[in-house]
Amino acid sequence: MTVTAKDTGKDTSKDTSVEQAVDQVTLTIDGIEVSVPKGTLVIRAAERLGIAIPRFCDHPLLDPVGACRQCMVEVPDMGNGRGMPKPQASCTLEAMPGMKINTQLTSPVAEKAQAGMLELLLINHPLDCPICDKGGECPLQNQTMSNGYGESRYGGVKRTFPKPVPISAQVLLDRERCVLCARCTRFSEQISGDPFIALVERGALQQVGVYAEHPYDSYFSGNVIQICPVGALTSADYRFQARPFDLVSTTTSCEHCASGCQLRTDHRHYQVKRRLAGADPEVNEEWNCDIGRFAFVYGRLHDRVTMPLLREDGVLRPASWPEAIDAVVVGLKAAGSQVGVLTGGRLTVEAAYAYQRFARTVLGTNNIDFRARVASAEEEQFLASTVAGVALDRSVTYADLDRAGKVVLVGLEPEEESPIIFLRLRKAVRKRKLPVVAVAPLLSNGNAKLSATLVQTAPAGEADALAALPDVDAGTVVLLGERLAGVPGALSAAVALADRTGARLAWVPRRAGEVGAIEAGCLPTLLPGGRLVADGAARVDAGSTWGVSSLSAEPGLDVNGMLGAASDETLKALVVSGAEIGDFADPVSARDAFEHVGFLVSIENRLSDIAARANVVLPAALLEEQTGTFLDWEHRPRRVDRVNKELRSPMTDIRILAALSDALGSDLGFRNAVQAAAELAELSGWDGNRAEVPAFAASDDTITPDGLRLATWRQLIDDSRHNDGADELMETAPAPVARFSTATAARAGITEGEPVTVGTDRGQLTYLAVLDDTVVDGVVWVPSRAPGQNVAETLGARAGDPVTAKEGFAS
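Residues numbered from 1 in each chain as written. Predicted model: local features only at pLDDT ≥ 70, side-chain atom pairs only at ≥ 80, totals over all residues. Heavy atoms only, no water.

Observations regarding the overall build of the chain
The line we're drawing: What counts as a helix is a DSSP run of H or I of at least four residues, what counts as a strand is a run of E of at least two, and both are numbered from the N terminus. Taken over C-alpha atoms, the radius of gyration is set against a globule rule of 2.2 Å times the number of residues to the power 0.38. In this scheme, a residue with accessible area under 20% of its type's maximum is buried, one over 50% is exposed, and one in between is partly exposed, where area comes from a 1.4 Å probe on protein chains only. We call two residues in contact whenever any of their non-hydrogen atoms come within 4.5 Å of each other. Computed by Shrake-Rupley with a 1.4 Å probe, the accessible areas treat only the displayed protein chains as cover when residues are assessed. Only four residue types enter the tally: Lys and Arg on the positive side, Asp and Glu on the negative side, with His and both chain ends excluded. By convention, the point assigned to a charge is CZ for Arg, NZ for Lys, CD for Glu and CG for Asp.
Secondary structure summary: the chain contains 24 helices and 35 strands in total. In terms of overall dimensions, the chain is globule-like: its C-alpha atoms have a radius of gyration of 29 Å, near the 28 Å expected for 811 residues. By residue count, 58% of the 811 residues in the chain fall in the buried class. Pairs at least 24 apart in sequence give 72% of the contacts found in the chain among residues at least 6 apart. Per element, the accessible surface of the chain, about 31,900 Å² overall, is 52% carbon and sulfur. Side-chain charges in the chain split into 80 positive and 104 negative, and the spacing between the mean points of these groups amounts to 6 Å.

Next comes the structure, spelled out in structure tokens:
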């Protein structure tokens, strides 16, 4: 998404400067000349010719280290007429003009060196291949067969260690398998910034170890398993579950956040066994976070809904599809136009489009909202004016982060809320010293790893901080989190900043389906593609595509309005899908609304608090059981593919809505994701009227000298229901702590490391106290959704609200 000065009418979203030509060097490899950019490693130059030099430590996204010495080549000429007396590691050798290289394909010297290294590596390597998780996809196996000797000359006793050793709850280490390639330690230090594993000891005793005082708690730990070339690091969840040649692989996209990671999903016997990071250089490169890797079992738990449920005498009972659909028809017809649709932010673009089409052309209402979370009218106007209808070629992208002059983070913690943005920013910080500025109430661990400059800002003070932010220009990218929906004036201030300085804005939601829901029109004032409900031409344009003569011009109720109307029973029916009660701004009020609404339909794949209050529950397919598309925060389409194509599964949301439309005497217009995507494509490219940018005033609320305000946001691993069943993953969730400045803690009589209770009139929660002088004075920070601790539900508070804190446990 891009915001530019409206007056110019010019697209300043892309850098039009001419890139300088890269110097080329020409060298000869195995008698073949090749030209490569200056600074290219010999091993990469060989790859351009299709020559595969064996290697273990080398990885294209890690700094060269030359640890394994497996990639030896002969260098008869360094380009100066003189050769190297011994074979050289091609992964650390830069290509030079006139250089001559002989690989194992043409040089007996290189061939012997590589075979000798393999023989040395195998001296202590155990014969675990029949039981090793890496067996069948192991570079050590493959290269021993292709480049090693047929028989071992070693007759001694192999080195052994007790195994496995838990590096973390998710990562297990078999030390005798390790070939000391240092891929894992380099990833932890260079990529994720979590240097908690290291090579320890010397010589034959050298091994991967952990710091006793720092367990390997990283949001990206699963990547070290994937890049380990020998099966020394394995997954506690996947260990002994399958062999690679038993697995069927599907390329798909992650459903957990808006980063848009490509995944490889492997299944066996119709059950997903593991997920791996896919290789997509434009998005996640070759990495993903532990949520995307390990949190995939939530759909196979005991609460999976496999058949329709119908409430009878206050109890849900199994029902047939015709019986359930008839009940929905009766309930929705009785509600008339007093009906609302809440879609959540986890649906594919096609499913979200189907829900808004169902609401507007079948139910005849604009009461639809995807924001099952904190929401505001200011945010709705911001999304309609600056996010909806923006194509990828006009949006901020990962590549723009790579070349930005500065990145400002407002209401966003990348490591917690969009991990791949965090990795890309850290790469830019490490490679070219990218300046990162965090407008936040404290310097988080993630932002510290970005070497971010903290602009200390009290909760709800982001608007004023943006207005006063110095040194912002056209080379600056400002990343805005969805949490700013709860900060009056913040989004308006961000738009004004971009208009004033030429900086570019990007909105980064937490959920994978939110950008797609905006494009699909899942807002009460917005039709698909950025069209306004209030614009007659937009209604005619959409209506002609949908084959309807007219559409309602009355803006619908947003999520807050629908929940309020349901509580006072003026809204007669609700259709809900993809939402959790715990996600709403006030879960207690949301629960009250679902209990009081006259007729409630829950379309879900698992039983939930909402389903428990529903009149009818309709089972929907899991994401892995359907096809579709997500739009990531860049507006880049991310394909979702069905994993188990042979397995019979429940109907998709689209099929359910099509069946309901038929029963209500209407036609949804499509019955599957392909047809829905084709119809939505017809509505793209709208060049008519757009919403005005928001101009809301900032809050004038300030912290009193003796007051205490709440700062809070969600962490990556929390009590989201998508994490259910991933027990090893949940063991790595951060411990819930309350952070205070030293001065604030002293005034409240709080001691570091002691239990402290944070409370409001509604309730209390207990944490361990941590003193952190980056925290704004008069503020306490706690995680929003630590396992078993929902701040919004228990305290009824959100960021900026007054709270109390006292040492000791909750009374």
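Following the structure, the description resumes.
A word on the packing of aromatic side chains
Inclusion rule: Think of it this way: a Phe, Tyr or Trp ring, Trp meaning its six-membered ring, pairs with another when their centres are within 6.5 Å, and the plane angle makes it stacked under 30 degrees, edge-to-face over 60, tilted otherwise.
Evaluation of the coordinates by the stated rule reveals six aromatic pairs. A centroid spacing of 5.9 Å and a plane angle of 10° characterise the contact between F220 and F422, whose relative ring orientation is stacked. Of this pair, F220 sits in the loop between strand 9 (207-210) and helix 5 (222-227) while F422 sits in helix 12 (residues 419-432), and the two are 202 residues apart along the sequence. In this pair, the class of F220 matches that of F422, namely buried.

Regarding the sheet that holds strand 5 (residues 100-102)
We apply this condition: Two strands pair if DSSP finds at least two bridges between them. Convention adopted: a line fitted to C-alpha atoms gives each axis, helices being fitted over their contacting stretch, and angles between N-to-C directions are expressed from 0 to 180 degrees.
Taken in spatial order, the five strands make up an open sheet running 2-1-5-3-4, and their pairing is mixed. A strand with exactly one partner marks an edge of an open sheet, and here the two such strands are strand 2 (32-37) and strand 4 (88-89). The pairing of strand 1 (residues 24-29) with strand 2 spans six bridges and is antiparallel. Within strand 2, the residue paired with I29 across the bridge is I32. Docked against the sheet, helix 2 (residues 108-123) engages strand 3 (72-77) and strand 5, running at close to 155° with respect to strand 3.

Some points on helix 20 (residues 653-663)
Burial of helix 20 is extensive: eight of the 11 residues sit out of reach of the surface. Every buried residue of helix 20 is accounted for by D653, I654, I656, L657, A658, A659, L660 and S661. Check the buried side of helix 20 and you find it contacts helix 7 (321-335), helix 8 (349-362), strand 23 (573-577), strand 24 (599-604), strand 25 (616-619) and helix 21 (673-682). Taken from the residues just after helix 20, G665 is the one with a positive phi, measuring 85°.

Focus: the pairing of strand 18 (residues 406-410)
Among the five residues of strand 18, five are classified as buried, and the element is accordingly described as predominantly covered. Direction of pairing for strand 18 relative to strand 21 (residues 476-481): parallel, over a ladder of five bridges. Across the sheet, K406 pairs through a bridge with T476, a residue of strand 21. Examined bridge by bridge, strand 18 and strand 19 (residues 436-440) share four bridges and lie parallel to one another. Residue pairing for strand 19: V410 is matched across the bridge by V439.

Digging into the packing of helix 8 against helix 21
Heads up, the rule is: Note on terminology: angles under 35 degrees are roughly parallel, angles over 145 are roughly antiparallel, angles of 65 to 115 are roughly perpendicular, and the others are oblique.
Their axes nearest at 9 Å, the elements helix 8 and helix 21 cross at an angle of 70°. Here helix 21 runs roughly perpendicular to helix 8, going by the angle between their axes. Facing helix 8, whose interface residues are V349, E350, Y353 and R357, helix 21 presents A673, A676, A677, E679 and L680.

Some points on the pairing of strand 27 (residues 637-640)
Here strand 27 shows one buried face, formed by R638 and V640, and one open face, formed by P637 and R639. Pairing geometry for strand 26 (residues 628-631) and strand 27, over four bridges, is antiparallel. If you follow G628 over to strand 27, its bridge partner there is V640.

Overview of unusual backbone geometry
The linkage connecting K163 with the following residue, P164, adopts the cis geometry, with an omega of -5°. Inspection of the secondary structure puts P164 in the loop between helix 3 (139-147) and strand 6 (165-166). You will see that E285, though not glycine, has its phi angle at about 55°, which is positive. Locating E285 in the fold gives a position in the loop between strand 13 (271-277) and helix 6 (290-294). Even without being glycine, K433 reaches a positive phi, approximately 60°.

Re the pattern of salt bridges
Note the following rule: Should a side-chain nitrogen of Lys or Arg be within 4 Å of a carboxyl oxygen of Asp or Glu, the pair is scored as a salt bridge.
All told, the structure shown has 60 salt bridges when counted by the stated rule. For D246, the salt bridge goes to R268, with nearest N and O atoms at 3.8 Å. On the criterion of sequence distance, the pair formed by D246 in the loop between strand 10 (233-235) and strand 11 (248-253) and R268 in strand 12 (residues 262-268) is long-range, its members being 22 residues apart. Exposure remark for R268: the relative accessible area of 24% places this residue in the partly exposed category. Close ionic contact of E482 with R511 constitutes a salt bridge, the shortest N to O distance being 2.9 Å.

Concerning the confidence of the model for the chain
Basically, it comes down to this: How sure the predictor is of each residue is captured by pLDDT, a score from 0 to 100.
Confidence in the prediction of the chain, expressed as mean pLDDT, is 93, and 96% of residues score 70 or more. Long-range and interchain partners of residues 1-19, a stretch whose pLDDT sits below 50, account for 42 contacts in this model, where long-range means more than four residues apart.

Considerations on the sheet that holds strand 25
Strands sit in the order 15-14-25-24-23-16-17 across an open sheet of seven strands; the sheet is mixed. Two strands bound the open sheet, and with one partner strand each, they are strand 15 (315-318) and strand 17 (368-369). Note: strand 14 (residues 309-312) against strand 15, four bridges, orientation antiparallel. Its bridge partner lying in strand 15, E312 is registered against V315.

With respect to the environment of V171
Relative to the assigned elements, V171 resides in strand 7 (residues 171-173). We classify V171 as buried; its relative accessible area is 1%. Sequence-wise, V171 and R239 are 68 residues apart; in three dimensions their C-alpha atoms are separated by 9.9 Å. Excluding its chain neighbours within four sequence positions, the residues that come into contact with V171 are V165, P166, S221, V224, I225, L233 and T234.

Some remarks on the packing of helix 2 against helix 3
Worth spelling out the cut-off: Helix crossings get a hand from a simple test, with the near helix turned counterclockwise from the far one by less than a right angle marking a left-handed crossing and a clockwise turn marking a right-handed one. Gly falls in the polar group here, along with every residue not listed as nonpolar (Ala, Val, Leu, Ile, Met, Phe, Trp, Tyr, Cys, Pro) or charged (Asp, Glu, Lys, Arg).
Here helix 2 crosses helix 3 at 135°, and the two axes come no closer than 10 Å. When the interaxial angle is binned, helix 2 and helix 3 end up oblique. The interaxial crossing formed by helix 2 with helix 3 has left-handed handedness. Contacts between helix 2 and helix 3 pair Q114, A115, L118 and L122 from the former with L140, Q143, T144 and N147 from the latter. Of the residues that constitute the contact of helix 2 with helix 3, the class distribution is four nonpolar, four polar and no charged.

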